[in-house]
Amino acid sequence: MTRFILRRLLSTALVLLVVTFVLYMLLNVALDFFWDLRSSTSPNIAALYESRRRLLDLDTPAIVRYFKWLAGVGGCVVGQCDFGIAWKSGQEVTSQLQGAIANTVKLITASTLVAIVLGIAVGMVSAIRQYSGFDYFITFVSFLLYSLPVFWVAVLLKQYGAIDINNFINDPTVTSWVPIIIVCLAMGLFWMGALGGGGKRRLITFVAASVITFATIYYILASGWMQQPSIGIIGVIVIGAGAAVVMTFLSTGLKNKRVLYATLTMAVIGALLYMPLQYLFYYQDMSWLWMLGLLIVTVLVAIGVGFAFRGPDPWDTVRTTFFTGLIIAVLIFADRVLQGWTEYSEDPAINNRPIATIGASAPNIDGDFWITNLDTFTHLLLPSIALILISFASYTRYTRGSMLEVMGQDYIRTARAKGLNERTVVMRHALRNALLPLASIIPVDIITMIGGAVITETIFGWNGMGKLFIDSMRQSELDPIMAYILITGLLAIIANLVADFLYAVLDPRIRVNA
Amino acid sequence: MSTNNDNQKLLALDETGDNAIEAKETEGLSQGRIVFRKFLRHKGAMISIVVFALVAIFAFSAQGVGPIPGWWIYSHTASGPVTNPGGSPTWSFSNFFSLGEHPFGQDEIGRDNFARVMKGTQISIIVMLIIGGVSLVIGTLVGALAGYYRGWLDSALMRVTDGFIILPVIVVGSILGKLVGGSNGPMLGLVLGGILWTGLARLVRGDFMSLREREFVDSARVAGAGDFRIMFKHMLPNAMGVIIVNTTLLMSQAIVLEASLSYLGFGIQAPGISLGQLISEYQTSFATRPWLFWWPGLFIIIIALCVNFIGDGLRDAFDPRMKTIPSWRKMKKAERMTQKEAK
Amino acid sequence: MTDTTTTAKSPILEVTDLGVKFWVNDEWWMAAEDLNYTVNAGEVLAIVGESGSGKSQSSMSLLGLLPSNGRATGSAKMAGTELIGMASERMQRIRGNEISVIFQEPMTALNPVYTAGFQIVETLRVHLDIGPTEAKERALELMRLVEIPDPEERFHSFPHQLSGGQRQRIMIAQALACQPKLLIADEPTTALDVTVQAEILKLMRELKHKLDAGIILITHDMGVVADMADRMIVMKAGRVVEAGTADEIFYNPQHPYTRQLLEAVPHLGTAIEGEAFGADVADIADSAAVHEAHEGDAAADSRAREAVEAAQPASLPQAPGITMDSTETYYHPGSQADFSQPAALQLRDAAIEYPSIGRKKAFRAAHHINLMVAPGEVVGLVGESGSGKTTIGRAALGLLPTVEGDMVVNGKSIKGLSNKQMRPLRKEVGIVFQDPGSSLNPRLPVGESIGEPLYLHEKMKGPELSKRVEDLLTAVELPTSMRNRYPHELSGGQRQRIGIARALTLRPKLLIADEPTSALDVSVQAKVLDLFEGLQHEYGFACLFISHDLAVIERIASRIAVMRHGYLVEIGKSSQVVSNPVHPYTKRLLSAVPVPDPREQRKRREARDAVLEATANA
């Protein structure tokens, strides 16, 4: 296995090298290094041309220049990177890259994770309800998402997702209840389709989902939640308990009381620790290191609770408490971040328009750990949504297809013939197998994401690799483009590696035989 | 990929009477007609075909092709007086419904938006078809050779494919677009076709690899057929499903790609025209003249959506495992009827 | 559990008017109807029928395991509880607990991502309130019960790490986990090799006595029925045509369909006078005597004689002479390869490899094969999966390379020939493949498939070609109008006739028949074999007939060659091999074949169990 991966790694690296060479040659033809001088009427134009030629070393043949570039990049191995310079701005490419890589990775990781989780969940339900209204609806939506040009969606998001919502936050008057009621009914239909069941159960689901949606929207509007969003201890308790029940249902089924009590204990611990944590957050400056520490504590507590309740299957219990604990931890974190909302919103740099449309962070904002994070999240929101929309569709379609294939297999029939209930058949026997082929599309999708990021970053002014690429293309700056190609290529290789690894973890036929 | 093969196995092993059901459904029809019949039953695909045909007919006839003039009075280049304030669309519900002079509105210098969107649609469709055609040829050829000969040729071709896959198409597309772009649509199509074939090649390769293990290939070889004949007479028709379906799906990707590149400024640029170029040109006027932004976007979505649905219909039609979608409602009804009769 | 002899004959399951239908193309399609039967404790009821007879679906309906477009009607009562239409919650408690199922294909019926042990434990823990440790112990116990070697180790094995027989044992262990009252075995041995099948059948018999469960055995194999069944019902096109005890139906079939079915089944040992090896243990000694008597007029070849002498003691039951793993070929008198004679096919110490592809290493599938097929002779090549029998057939066609020794087809060596050089030689060789569905190009009308060799080799076109194609169709007893049909429109038997017609197009001197009938139903198989024999007489081609089914081979071939693990272990006249096998593997193979005759099979069974025992550890 290791040998196989190493060999793959080496061959892909060679391919990447060849690709950089070919593109270097092409770029030399495609880019016009004198575009800004073409219309110049300056009297010393010839000298300007000459100095540009010298600056970019254009008298050296392109092939030689490529190897010079390669030598500079090769310096990274000994810690002396030289990616060249962006001639228009005169900046070192290395310094340009620093923030850009982190920003892009942040954007893509966030979007990919959300897209995978949502896509798998929706795809799975769609497959189980094959040929139902819900299935047709999801199919249509995913095709629609496939067909949406990212740049078009991004412009719409800017208008309706940021400008209009910001306006609404500043002036929250509801002009008409009709769209809200339509949304409520649509949610009712959605959940009815997703949960299925007999006629009576469907009706109950429909009514319940509509009413809950309406109540939520009404609460949000009536309480001014939009102006001062928070979760609060009540929210932590309610959502925590909900998470406990849902996780238990998905993981072992609600019949397993022991696990249910374990997860509910987690919810109680979360609620009890809420106030003490607020003191901690107040008196102690936080950092990501602290967060990591708290996360580890959470995990330990979850494992502890899991073992305390262990029962006959300690690992099932631990797994369930672990995920419940994670959800509660994120919940408390989100609550604390939202507490800074008013302060953030009223900051002159934000000027009561909290949902950002441009950049990766607001300039001139100063605040503590929480405010900076809130700032990052508000900026991350729209570009992530734009990216998620594209790849959510493909994960949904793939999961649906592979799930349908697996559900037709003999071993699913065996599982049913054993007397397993439908939840176990789907979650334990079908899903695990359906995820296998998915592992192989993740790298492909990540590369697509990187491509999508080129557009989203450009539109949302997100200072990432994609924007760097497009800006450099427009400025005909060769070196940053080459740096982009090399680094995204490497990212793609890493993504492939991760997928291989995932595959090996999931599939014993590969893991055991190697 | 090995769907045919699996299906055969299923048929051979399945004692469940599926065999008989299958036979009953396909009695007296050639493979092609079965596929066609299944395709006709796919409602989404049928609607899409009609819509797509209408869009294409409109786009080509309204602005004309080459020297042939179209029926729409305005051309996409000529500016004129602005009819409505700001150039907003002129259709209204006066007299029940009237289109007016400029149903899609006008831009700030008075060019007719309908003419521009139709022309853009025309170019975008042409580029899409060229990309599809080029990808089809390269992808099929590479995939067939790699899958048939395997060994070193396969390795070499797959490394080439990897080289194209390692970077997002939009990145390579931008570079190549910068090289050949401008106002030359067909040329852009050719170049983009040259980078979009990789997925198809991989699928065709997989299909050929499994077809190669099928006995009819050995059977043809024993009958004295050479490599060329085996590949193109025997295997290719059996891989047609994969090829047609994926070329279709690839074309929906192609139209979005072309639009994105044109939007970024590396595809078709003014004075050339395409749907993506229109959005790029008008994006800043979204707040003031939203119709200039909405219409081209809408047409991109309609075309891509139609092509996607057609591809989906084709996939279902070619997939031997896809049984015709049963109508549960009719089944329930029939069930109730028999229950009533029993009482 | 085992001492409930008084209730042994009480019915566990009573089925009345059971029907199964499917919703296809907006109408109900009947898969089975009017089924009436009972299953008693400790009894095996066999449901026999060919494909499409509805035997499998009707049994699945008992557990509510029909596909979503299937519906069951009628009644099936288990201890007074109605199973048809039961709510799914309750049904889940019955599945695996009171009724369990053994499926046909153990490879696909076990979940590939979980260990064998886990899958048994899962069944136990769904129905019984026990902890993981206890469940594991119970699972290991079950694995011991089904005689899996090293249960502790196998417990942690994934399905792909187990052999086919072991997988089926896991399947059985899982089915027996909760001591079900009723066991549905859906073609439990069809996917297995014959010796593995024998082991599984033996196991199931033993378990039947131990567990006192009722068993519904669904199968198409009359041999298996004769071996296992107490009572049986015969189904055709969804209806029961005959029901009764196994003896009644085998010895006194009433319905014409049953009679036809029984006649169609090839019966090992019919081609020779007397009974095949393994009829009972005494016979083995007898046949050894026969062998000795014949030994005098054995051929002069010294090598063969040596071999015969070496093999003589081996023909006794526990003879030590040839060990199970011996890779030497035993030549029965008269069958040693004499390469001075003209032959349609000669393999001289040939070794055949699957060439390496990319990084996959080359795999040698046949070693040191000496084999000769005389002109006009039919030689049967028998072996289990992975024995290399198909490899030899493919190498004879030049589809696989002969890497050592020599391969001579119709007097010309084909070793090392390129594809192009092979082409003219291919005129003289034909092949019939196993799966007629796969060997005909689905996108070509069958007429075109048949005519292709003529077009390619003799540049024949137009009406002349049509004429020849029509002649060939007539020769294989198909209407000439079929030439414009596509393969999927034809039945399995028709497709195989087309396959044969195509192989004979150029009147080859040598025909390779690679399991030509194993994908067919018995009654179709019988007709195709008849046709094949007729054509062989008429055309006079030599034939290498490859099959895993000894009864078929015995019927069709004049000599039989037995392969194991890539080596030719025994070759001789059909009568010699069938009545007097020498290599322990051949004995094992022969004794494992169930014959469609309950009484004879009862005798054979004991011999079989003895032979299996004696050769088990090899």
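Here is what the cut-offs are and how they apply
Residues numbered from 1 in each chain as written. Chains lettered and ligands numbered in written order. Predicted model: local features only at pLDDT ≥ 70, side-chain atom pairs only at ≥ 80, totals over all residues. Heavy atoms only, no water. Contact = heavy atoms within 4.5 Å. Buried area = accessible area lost by both parts, 1.4 Å probe. Salt bridge = Lys/Arg side-chain N within 4 Å of Asp/Glu carboxyl O. Polar contact = N/O pair within 3.5 Å; in protein donor to acceptor, adjacent residues only side chain to side chain. Axes fitted to C-alpha atoms, helices over the stretch in contact; angles between N-to-C directions. Helix = DSSP H or I, 4+ residues; strand = E, 2+ residues; numbered from the N terminus. Parallel < 35°, antiparallel > 145°, perpendicular 65-115°, else oblique. Left-handed = near helix turned anticlockwise from the far one by under 90°. Nonpolar A, V, L, I, M, F, W, Y, C, P; charged D, E, K, R; others polar. 1 Å grid on protein atoms, 1.4 Å probe; cavity = no way out; pocket = protein on both sides within 12 Å on 5 of 7 lines; lining within 4 Å. Points joined across faces, edges and corners; volume = space filled by probe spheres on them. Buried < 20%, exposed > 50% of the residue type's maximum accessible area, 1.4 Å probe, protein only. Pairing = 2+ DSSP bridges.

Student: Looking at this structure, how should I read the interface of chain C and chain B?
Tutor: Many analyses report the size of an interface as the accessible area lost when the parts associate. Counting residues at the interface gives 53 residues for chain C, matched by 46 residues for chain B. Of the roughly 4500 Å² buried between chain C and chain B on both sides combined, carbon and sulfur atoms contribute 53%. Among the residues of chain C in contact with chain B, W23, W29 and R443 of chain C are the three that bury the most area, contributing 15% of the side total. At the boundary of chain C with chain B, the tally comes to three salt bridges. Here D218 of chain B ties to R394 of chain C by a salt bridge, and the two come within 2.6 Å at their closest N and O atoms. There are 12 residue pairs in polar contact (both at pLDDT 80 or more) connecting chain C and chain B.

Student: I would appreciate a short explanation of the packing of helix α11 (residues 227–264) of chain B against helix α17 (residues 446–458) of chain C in the present structure.
Tutor: Axes are the key here: two packed helices are described by the angle between their axes and the distance separating the axes. Between α11 of chain B and α17 of chain C, the least distance of the axes is 14 Å, while the angle of their chain directions is 160 degrees. Here α17 of chain C runs roughly antiparallel to α11 of chain B, going by the angle between their axes. Between α11 of chain B and α17 of chain C lies a crossing whose hand is right-handed. Taken together, the residues of α17 of chain C that come into contact with α11 of chain B (itself represented by R229, K233 and H234 of chain B) are E448, E452, Y455 and L456 of chain C. Of the residues assigned to the contact of α11 of chain B with α17 of chain C, the class counts are two nonpolar, one polar and four charged.

Student: Would you explain empty space enclosed by the protein in this entry?
Tutor: The rolling of a water-molecule-sized probe over the atoms marks out the regions of remaining empty space. Tallying each qualifying case throughout the model produces five cavities of 30 Å³ or more. As a volume, the largest cavity reaches approximately 170 Å³. Taken together, 19 residues make up the lining of the largest cavity; nearest its centre are V222 of chain B together with G430, I431, R502 and A503 of chain C. Sorting the residues of the lining of the largest cavity by element identifies α10 (215–222) of chain B together with β17 (429–432) and α19 (492–504) of chain C as the ones contributing at least two each.

Student: Please explain the pairing of β17 of chain C as it appears in this structure.
Tutor: Consecutive side chains of a regular strand alternate in pointing toward one face of the sheet and then the other. Residue and element names in this part refer to chain C. Side chains V429 and I431 project from β17 onto one buried face, and the interleaved G430 and V432 project onto a second face that is buried too. Sheet topology note: the β17/strand β18 (residues 510–514) ladder contains four bridges and is parallel. Bridge pairing in β18 places V429 opposite L510.

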